[in-house]
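Inside the fold
Chain by chain, the residues run as shown.
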Number of protein chains: 2
Amino acid sequence: MKKILLFAFAAMMAVGAGAQELANFTRGAQIVSPEVKGDSVTFRLNANYATVVNLYGNWMANYSDVVPLTKGANGVWEVTIAAPEPEIYTYNFIVDGVNVNDPVNYMVQRDGTRYLNMLFVPGERSANYNETAHRGTVSYKWYDSSILGINRRLTVYTPYGYETSNKKYPVLYLLHGAGGDEEAWSSMGRAAQILDNLIEQGKAVPMIVVMPNGNPGQQAANIMGLPTSNVDFRAPENQNAYVRSLVEEIVPFIEKNYRAIPKKASRAIAGLSMGGGHTFAASTLYPDKFDYICPLSAGARESPELDGQLQGIKKAGYKLYWIGCGTADFAYAGNQVLDAALTRNGMQHTFFQSSGGHEWKNWRLYLNTFSQLLFK
Amino acid sequence: MKKILLFAFAAMMAVGAGAQELANFTRGAQIVSPEVKGDSVTFRLNANYATVVNLYGNWMANYSDVVPLTKGANGVWEVTIAAPEPEIYTYNFIVDGVNVNDPVNYMVQRDGTRYLNMLFVPGERSANYNETAHRGTVSYKWYDSSILGINRRLTVYTPYGYETSNKKYPVLYLLHGAGGDEEAWSSMGRAAQILDNLIEQGKAVPMIVVMPNGNPGQQAANIMGLPTSNVDFRAPENQNAYVRSLVEEIVPFIEKNYRAIPKKASRAIAGLSMGGGHTFAASTLYPDKFDYICPLSAGARESPELDGQLQGIKKAGYKLYWIGCGTADFAYAGNQVLDAALTRNGMQHTFFQSSGGHEWKNWRLYLNTFSQLLFK
């Protein structure tokens, strides 16, 4: 037996000519990037023939900002900067004008059609974004939508111990923004890690988290390579098609296929940006469905219908109305409108404000905050 | 309601200054790459400041081969080549010496620590690698290994209809090679798509597919950012630790947590390269566990123990012994050894030979072939 395994190992180490797909070929020198040391981070790129290498990171103040790297004698470009505050960031290099991922950093998040290198700066704020000991299951499931006319993919988080507990669980429906898909919250949003940590610490109730695809014409994330529907979902008659499919199809599908508690008191809905719009629409159109309502970085606009919509929710009753927005977010004014409307309608709510803009560092923070308040 | 949604949409379209993470920013012109047209493929890269842009694709004969792109007047580099035969390939650009992914191609496979752009050439051979109508669920689950001393992640495919069928299913344990991890078969290997297609066509029996992590020191794929174990799994006393954990821990875990048929006749084991070594070891050490044994691109080496090992399997009985290897694979000689040893021990088996080397195009083909023979 030992000999067989040793043979297999030796064979893998051999470099064959022709089509031999071995593990992790690399061209060029082995370097470390990014390297977080104390209060600084060093980025490195092996690029002997490049003329200009720049770094862009989403902690920079403007999208057009870059930091230049300097070429060393060995062809490795390098720059050391002050570490941004503890959080998860994304970055890339720009080599002679071309966006390049850091080839030695395998920590990658996908945002829509872009693959972005992760920079994890550890600290109190980002502690729950780490993996922890007791981890739930993340599943990619398909369901049929007759409202949208297609088979569609969604992501489901079930908490640690779900399979063998025989218990029923409450459900959080967690919705992404424009350009995102059913993997956005589990990739950029670290939803599984946040829930694992909070549940393990006893700060959140064990719950199922359902993360659907909010683009009504898509069967699944673009990366699955599936054709999109040719229905015009912006046509007036289809305006709320996705929200209807969410409440009338996804909710029953989950309650049939998972041990979910099929009650209003055990359903929460939250979403960011466009998903905050979906959250607002779902809670308004179906006031008897969700006791916990959390639109994030979305807000509302003054309209003749707004008070009536909120009164519908008030009349049906709810346990939590929680809105979150960054003070530099372009949606901040809309959140002030919603906050004021909730107040003038005599509706108890929380307006959680953070620094920063329309960005994942805020959405992770909001999930890490409001999920502790659900189902209690 | 309509107004609220329109507002959210408009807000998303606005480009704010500062930290506003909007969907799918791109720098530069919108181009299409790769573009498969008839018998040719065109690759394009917007790189106005680059000096040399090359293309590497894994269909090329040698790893050092590249094809140069030509710069057009608009700063877009381009090359058109004859399409390789229908299959899935990976490629990247090399811009002034730096490996660069194609920024407009969101079809990406991860192989270990590398993210590789996909080129899908449609045709009969690759038809089952496409998505189909009835799709199973892919789940990422964690289990405790006391043999390896860590909590570990595995990937589980459950077939379409599993959740509501109340049936029990046979299980294929499908193992990756060196440098791979628990996502290798579902990413590079298209395992979910292949099984979905074959089951839908009635060519394969509905089955559960379990894809564990075969690196005994790893909790999960590197991309999860988890520390590895500090146990030396190459030490003699740990030589078969992973295989023991596979049979003594993972198999019972699956049979407890899923509706799996807990019988030898309903268990298959298959693996590529290092995973073929694991397959050989598991079938030899535990001859009463698996009725279907499929080592791929692995083989064996002549040794004094080989006949005795195979006789143990023969004595215990089995239903299928299926080995697959490319004629240009560096493991081909070892497969000839195993083929001859099975023959001289009077053991019925199939030696499936294909052109090509130690590469995923073969492993997808093998899965698409042998999985039709399981549990029948």
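The numbers attached to residues start from 1 for each chain and follow its sequence in the written order. Written order determines the labels here, with chains lettered from A and ligands numbered from 1. In view of the model being predicted, local features appear only for residues whose pLDDT reaches at least 70, and side-chain atom pairs are presented and counted only at 80 or more, with totals across whole chains, interfaces and linings using the full set of residues.

A separate point is the overall build of chain A. For chain A, the helix and strand inventory stands at 9 helices and 18 strands. This radius of gyration counts C-alpha atoms alone. The globule rule is 2.2 Å times how many residues there are, raised to the power 0.38. Taking 21 Å as the expected radius of gyration for a compact globule of 376 residues, we find that chain A reaches 23 Å, a close match to that expectation. Each of the three principal axes of chain A carries a C-alpha extent, and together these read 70 × 55 × 45 Å. Each residue is classed by its C-beta neighbour count within 10 Å, where at least 20 other C-beta atoms makes it buried, 12 or fewer makes it exposed, and intermediate counts make it partly exposed; the C-beta atoms are placed from backbone geometry. Counting only residues that meet the buried cut, chain A has 50% of its 376 residues in that class. When contacts within chain A are restricted to residue pairs at least 6 apart in sequence, long-range pairs at least 24 apart make up 73% of them. Going along the chain from the N terminus, every DSSP run of H or I of four or more residues is numbered as a helix, and every run of E of two or more is numbered as a strand. Contacts are defined on C-beta atoms placed from the backbone: any two residues whose C-beta positions lie within 7 Å are in contact.

The next point concerns the packing of helix H5 (residues 241–257) of chain A against helix H6 (residues 274–285) of chain A. Residue and element names in this part refer to chain A. In contact at an axis separation of 10 Å, H5 and H6 are set at 65 degrees when each is read in the N-to-C sense. As for the relative orientation of H5 and H6, their crossing is right-handed in sense. On the side of H5, the interface is formed by Tyr242, Val243, Leu246 and Val247, while H6 contributes His278, Ala281, Ala282 and Leu285. Convention adopted: a line fitted to C-alpha atoms gives each axis, helices being fitted over their contacting stretch, and angles between N-to-C directions are expressed from 0 to 180 degrees. The sense of a crossing depends on the near helix, which, turned anticlockwise from the far helix by less than a right angle, makes the crossing left-handed and, turned clockwise, makes it right-handed.

As a further point, take helix H9 (residues 360–370) of chain B. Since one α-helical turn is 3.6 residues long, residues separated by three or four positions face the same way. Residue and element names in this part refer to chain B. For H9, the tally of buried residues reaches 10 of 11 residues, placing the bulk of the element in the interior. Turning to H9, its buried residues number three or more, namely Trp360, Lys361, Asn362, Trp363, Arg364, Leu365, Tyr366, Leu367, Asn368 and Phe370. In this structure, the buried side of H9 is in contact with strand E7 (87–95), helix H4 (191–200), strand E15 (267–272), strand E16 (292–296), strand E17 (320–326) and strand E18 (350–354).

Walk down a regular strand and you will see the side chains alternate between the two sheet faces. All names here are of chain A. As paired elements, strand E17 (residues 320–326) and strand E18 (residues 350–354) share 5 bridges and run parallel to each other. Along E18, the bridge assignment pairs Trp322 with Thr350. Since E17 and E18 lie parallel, the crossover through helix H8 (residues 332–344) that links them has a hand, and here it is right-handed. Paired strands are those between which DSSP finds at least two bridges. Whether a crossover is right-handed comes down to one check: with the strands pointing away from the viewer, does the path from the first strand over the helix to the second run clockwise; if it does, it is right-handed.

It is worth spelling out helix H8 (residues 332–344) of chain B at this point. Residue and element names in this part refer to chain B. For H8, with 13 residues, the first-to-last C-alpha span of 18 Å sits near the 18 Å given by 1.5 Å per residue. Buried within H8 are the following residues: Gly334, Asn335, Leu338, Ala341 and Leu342. The buried residues of H8 occupy an angular sector of 125 degrees when the element is viewed end-on, so they sit on one face. Pointing more than 90 degrees away from the buried face of H8 are the exposed residues Thr343 and Arg344. Immediately downstream of H8, the backbone of Gly346 shows phi near 65 degrees, a positive value. For a helix, the expected span equals 1.5 Å multiplied by the number of residues minus one. The arc in question is the one traced by the directions running from the helix axis out to the C-beta atoms.

Another aspect to go through is the sheet that holds strand E1 (residues 35–37) of chain B. Consider a sheet: its strands pair through backbone hydrogen bonds, and that pairing is either parallel or antiparallel. If you trace the 4 strands from one edge of the open sheet to the other, you get E1-E2-E6-E5 (chain B), paired in antiparallel fashion. Of all strands in the sheet, those with a lone pairing partner are E1 and strand E5 (70–71) of chain B, marking the two edges.

Residues and elements named next belong to chain A. According to the domain assignment, chain A consists of domain 1 (29–123) and domain 2 (128–373). Segment limits for the domains were obtained from an automatic or database-derived domain assignment. Distance from the C-alpha centre of domain 1 to the C-alpha centre of domain 2: 32 Å. Only strand E7 (87–95) and strand E9 (108–111) provide two or more residues apiece to the side of domain 1 that touches domain 2. In terms of residue count, E9 provides more of the side of domain 1 that touches domain 2 than any other element does, 3 residues in total.

To continue, consider the sheet that holds strand E5 (residues 70–71) of chain A. Pairing is antiparallel across the open sheet formed by 4 strands, whose spatial order is E1-E2-E6-E5 (chain A). Every other strand in the sheet has two partners, leaving strand E1 (35–37) and E5 of chain A as the edge strands with one partner each.

Take the environment of Leu338 of chain A next. Residue and element names in this part refer to chain A. Note on placement: Leu338 falls in helix H8. On the basis of neighbour counts, which here come to 26 C-beta atoms within 10 Å, the residue Leu338 falls in the buried class. Taking the C-alpha atoms as reference points, Leu338 and Ile323, 15 residues apart in sequence, are found 8.6 Å from one another. Beyond its immediate stretch of four places on either side in the chain, Leu338 contacts Gly299, Ala300 and Ile323.

This part takes up the confidence of the model for chain A. All names here are of chain A. Per-residue confidence from the predictor is given as pLDDT, running between 0 and 100. Summary statistics for chain A give a mean pLDDT of 91 and a share of 92% for residues scoring 70 or more. In this model residues 1–18 is a low-confidence stretch, pLDDT under 50, and it forms 39 contacts with partners more than four residues away in sequence or in other chains. Residue range residues 22–27 is modelled with pLDDT below 50. Its contacts to residues more than four positions away, or to other chains, number 13 contacts. Interface confidence for the predicted complex, given as ipTM, is 0.86, next to a pTM of 0.90.

Time to look at the pairing of strand E11 (residues 137–145) of chain B. Across 3 bridges, strand E11 (residues 137–145) of chain A lies against E11 of chain B in antiparallel orientation. Within the sheet, the bridge partner assigned to Tyr140 of chain A lies in E11 of chain B and is Val138 of chain B. Between E11 of chain B and the antiparallel strand that follows it, strand E12 (residues 150–158) of chain B, lie 4 residues; Gly149 of chain B among them carries a positive phi value of about 75 degrees.

On to unusual backbone geometry. Leave glycine aside and you will find that most residues have negative phi; peptide bonds, for their part, are mostly trans. All names here are of chain A. Of note, the bond from Ser33 into Pro34 is cis; its omega dihedral lies within 30 degrees of zero at -10 degrees. Inspection of the secondary structure assignment puts Pro34 in the loop between helix H1 (2–13) and E1. The backbone of Asn166 shows a phi angle near 60 degrees, a positive value even though the residue is not glycine. Structurally, Asn166 is set in the loop between helix H2 (162–165) and strand E13 (171–175). Overall, Asn166 belongs to the exposed group, with 7 C-beta atoms counted inside 10 Å.

Within the element layout of this structure, Ile313 of chain A appears in helix H7 (residues 306–316). On a C-alpha basis, the gap between Ile313 of chain A and Asp288 of chain A in space is 8.0 Å, while along the polypeptide they are 25 residues apart.

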